[in-house]
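# Reading the structure
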Amino acid sequence: MARPRKFVESDVVTSAGEVFAVHGLAAATLDDLVRATGLGKQSLYNAFGGKRELFLRALSEDRQEATRAVSEALAHDDASPLERIRGHMLLMAIEFSSSDRRVSLTTRALVESTGEQDPLSTATKAGIEQLAGVYAQCLEHARESGEIAEDANVQSLAMYFVAVSRGMELLGRAGVGRAVLTAIALDALRTLHGERTEVVDKQP
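Report on the accompanying structure. (Residues numbered from 1 in each chain as written. Predicted model: local features only at pLDDT ≥ 70, side-chain atom pairs only at ≥ 80, totals over all residues. Heavy atoms only, no water.)

## Notes on the environment of Q155
For clarity, the threshold we go by: The way it works is that DSSP assigns letters per residue, a run of H or I at least four long becomes a helix, a run of E at least two long becomes a strand, and they are numbered from the N terminus. Working definition: with a 1.4 Å probe on protein chains only, accessible area under 20% of the residue-type maximum means buried, over 50% means exposed, and in between means partly exposed.
If you trace the backbone, Q155 turns up in helix α8 (residues 154-173). Looking at Q155, the relative accessible area reads 56%, which means it is exposed. Considered as a pair, Q155 and A69 are 86 residues apart in the sequence and their alpha carbons are 20 Å apart.

See below:
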């Protein structure tokens, strides 16, 4: 009879995800994962198949959480579609400027992806498309309500907001302050109307 596993896989994936969020896939070591999860190297291999496979499991969890968070942020019926996106972008400017915030696995994977047809690149592309789908739904509502032009390309705009948000996350990690991230968020919205901010506050 096989011995029962004495750990909860979801807990292991969460702990490993925290390691990968700090170090990334390439730099994270098995020793890092052993310390974080409490499992031996052989147990990690037996349960997940290896470091890359464990990263992909953690990335899948991160993708679902990221999609859920954006969906909830854009789902408030008491505000117009663009007001929802505006609030969401401004909130990210605050969150991403926090000095103790780790980069999400979705953004980590985007940076480390080679673009080749491998599981990491495939999973990364799927995550980006899933996020874009949430933005697209809100932008479609904005088009239907007349907030943006009738001929607006909703799909490309949705991917644009994914690019802006992931870029803001990386800039925040590099130490760019809240004022600049806020200006970026507002400029992203003004782009929908062909406008730009006249002055950008360069203070952190």
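## A word on helix α4 (residues 51-73)
Count 3.6 residues to each turn of an α-helix, and residues three or four apart come out pointing the same way. The following threshold applies: Here, expected helix span is obtained from the residue count minus one, scaled by 1.5 Å. Contact definition: two residues touch when any of their heavy atoms are within 4.5 Å.
Between its first and last C-alpha, α4 extends 33 Å over 23 residues, near the 33 Å set by a 1.5 Å rise per residue. Taken as a whole, α4 has its buried residues at L54, F55, A58, L59, D62, R63, T67 and V70. Each element contacted by the buried residues of α4 is listed here: α1 (9-27), α2 (30-37), α3 (41-48), α5 (81-96), α6 (105-112) and α7 (119-144).

## What to know about empty space enclosed by the protein
Put simply, the test is: Here a cavity denotes grid points, spaced 1 Å and computed from the protein atoms alone, that fit a 1.4 Å probe unable to get out, and a pocket denotes an open set having protein on both sides within 12 Å along at least 5 of 7 lines; residues with an atom within 4 Å of a point are the lining. Grid points are joined across faces, edges and corners, and a volume is the space filled by probe spheres set on the points. Basically, the charged four are Asp, Glu, Lys and Arg, the nonpolar ten are Ala, Val, Leu, Ile, Met, Phe, Trp, Tyr, Cys and Pro, and anything else, Gly included, counts as polar.
Tallied over the full model, the rule gives one cavity of 30 Å³ or more. Each pocket or cavity is described by its volume, and for the largest cavity that value is around 40 Å³. For the largest cavity, the full set of lining residues is F96, S98, R101, R102, V103, E169, G172 and R173. Ranked by residues supplied to the lining of the largest cavity, first place goes to α8 with three residues. Classifying every residue of the lining of the largest cavity gives two nonpolar, two polar and four charged.

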